[in-house]
Amino acid sequence: MTTLPESLSGKLVTPGDGRYAMLRSTYTTRHSPAGVLLPRTPRQVVDAVRYARERGLPLAVRSGGHGLAGTSSNDGGLVIDLSAVNRVEVLDARSRLVRVEAGARWAAVAETLAPYGLAISSGDHGNVGVGGLATGGGVGWLVRRFGLTIDRVRAVEVVLADGRLIRADAEHEPELFWVVRGAGAGAGIVVAFEIEAEEIRNVGLAQLAVEATPDGATVRQWAEHLAQAPRELSSAAVLFPHGRRTVMQITAVVAAESLRRARPLVEPLLAIGRLLDHRIDLVPYPAMVPTSHLHANVGQQASLTTNGLLTMDGAAARAVTRAAGGPRPALVQLRSVGGAVNDVAPAATAYPHRHQDTLAVGTVFPPQGGSALDAAWRGVAARSDGAYVNFESRPDRAAFDRIYPGETGRRVAELWRRYDPDGVFRSALLGGRRDRAASRSR
Ligand SMILES: Cc1cc2nc3c(=O)[nH]c(=O)nc-3n(C[C@H](O)[C@H](O)[C@H](O)COP(=O)(O)OP(=O)(O)OC[C@H]3O[C@@H](n4cnc5c(N)ncnc54)[C@H](O)[C@@H]3O)c2cc1C
């Protein structure tokens, strides 16, 4: 019988414990793990990994629980939940270096940094955890201006499968530093990130709704405007059917401290389709990932999601519009990438997609399943030449090849094997969850 280390006393939550109901599941999936470990410090994470290895049970790692594949919990295994490893600290205000622990939510990061006039481009949701997002990529509200979240990571602290706690940066353990920026899930548990934040207090926030023409012209013009606009402009859009029409709801964010600067960057978007509604405001950056987003994850949002990275030409724009407005539609989200994302060399990190201008994300909800998603997404998939790990619900071998193509995939697989030879964190993307992925797609 394996004994729980003293440091984790009272921090193992099992069925029957009053805390279990709020800790067993993820945002999109419901689970019944044998136990959830709640370490508070990186050292306790080391103890948790050693304990889990001795128990020999399947292990899941959770930061915020928002992962769309539901891999941050399991049935019958152990979960290391990092929600209490959540400190956010400005290490050096002048160089804007910030240390963020993996279990912090992005809402808390934004709130803590705001008094310093600093912000990190993370994602669009305050409840998403630092650990999952910042080991996969991080497509945020200021993505064209500042790049992906991983592009600003300067060092990481990682607990490896053998229980070592290692600090990696460009000079020390550079291979580990490479793989955790894009493919962190299979290498170890990143307990903390040192990130270079940006000096920004407010952003211009425009919200508009237009009717998207079925020939894709509206979507194409959105992407064309983004492709040539100053990098201060980033944008997201949701496409959904409304009666016989398709509505495109656009959020445009300008990294600027005044509406006078923000307005001209946004105004061309008012003309890309029949305008249904619009407004523009100047808001503090934390309003983009607000604390009002914070909630427990109890499997409340069952869904299946996939994605593709593309260069938005006329055919791609038609395919995207059709995916949202066709006979069996998916909910389609578009995110501008490009800009600073594409300044980084493809081989510099484990996120190699540095030439596309748009991330397209498709989602279906029960009772629709994998075959409905695949049918809606076929046209977009044919025009995509890459994918992003953090918007993929079915992490099988085919997804791995789209996310980590060619030489990147070879290197990711080799490094996962090197840092985790026994497959303790056995990443789903190498086929570990094939059975579940297959059953979910039926
Ligand atoms: C509502 C919503 C909005 C989103 N918006 C955005 C967005 O705007 N931009 C964007 O880029 N993404 C976005 N995402 C996707 C998001 O980046 C991923 O879902 C991410 O995995 C969530 O991180 P988490 O820590 O909450 O996930 P978790 O569910 O806790 O973790 C998911 C997986 O990541 C790995 N992991 C987690 N923590 C660690 C760690 N510390 N070290 C190593 N591996 C770890 C594990 O394999 C785990 O199974 C969104 C997701 C949702 C549900």
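Residues numbered from 1 in each chain as written. Predicted model: local features only at pLDDT ≥ 70, side-chain atom pairs only at ≥ 80, totals over all residues. Heavy atoms only, no water.

Please clarify how the sheet that holds strand S4 (residues 78-81) should be interpreted in this entry.
What holds strands together in a sheet is hydrogen bonding between their backbones, with the strands either parallel or antiparallel. Overall, mixed pairing links the 4 strands, which are arranged S1-S2-S4-S3 in an open sheet. Two strands bound the open sheet, and with one partner strand each, they are strand S1 (12-13) and strand S3 (59-62). Seen against the sheet, helix H2 (residues 42-55) touches S1, strand S2 (35-37), S3 and S4 and runs at an angle of roughly 175° to S4. (Pairing = 2+ DSSP bridges. Helix = DSSP H or I, 4+ residues; strand = E, 2+ residues; numbered from the N terminus. Contact = heavy atoms within 4.5 Å. Axes fitted to C-alpha atoms, helices over the stretch in contact; angles between N-to-C directions.)

Please explain the pairing of strand S8 (residues 153-159) as it appears in this structure.
The two faces of a sheet get side chains in turn, since along a regular strand they alternate between them. Where burial is concerned, most of S8 is hidden: 6 out of the 7 residues are buried. For S8 and strand S9 (residues 165-169), the ladder comprises 5 bridges, and the chain directions are antiparallel. Of the residues in S9, the one forming a bridge with glutamate 157 is arginine 167. Once S8 ends, the chain turns through 5 residues before running back antiparallel as S9, passing glycine 163 with a positive phi of about 90°. (Buried < 20%, exposed > 50% of the residue type's maximum accessible area, 1.4 Å probe, protein only.)

In this structure, what is going on with the domain arrangement of the protein chain? I would like to understand it.
Interfaces are often sized by the accessible area lost when the parts come together. As assigned here, the protein chain comprises domain 1 (9-81) and domain 2 (202-394). Summarising the inter-unit geometry, the C-alpha centres of domain 1 and domain 2 are found 33 Å apart. In this assembly, 13 residues from domain 1 lie in contact with 14 residues from domain 2. The contact between domain 1 and domain 2 buries some 1000 Å² in all, and 52% of this surface belongs to carbon and sulfur atoms. Area buried by domain 1 at its contact with domain 2 is led by Tyr27, Thr28 and Leu68, which between them contribute 54% of it. On inspection of domain 1 and its partner domain 2, the count reaches 0 salt bridges. Put simply, domain 1 and domain 2 have 5 residue pairs in polar contact (both at pLDDT 80 or more) between them. For the side of domain 1 that touches domain 2, the per-class residue count stands at 5 nonpolar, 7 polar and 1 charged. (Domains from an automatic or database assignment. Buried area = accessible area lost by both parts, 1.4 Å probe. Salt bridge = Lys/Arg side-chain N within 4 Å of Asp/Glu carboxyl O. Polar contact = N/O pair within 3.5 Å; in protein donor to acceptor, adjacent residues only side chain to side chain. Nonpolar A, V, L, I, M, F, W, Y, C, P; charged D, E, K, R; others polar.)

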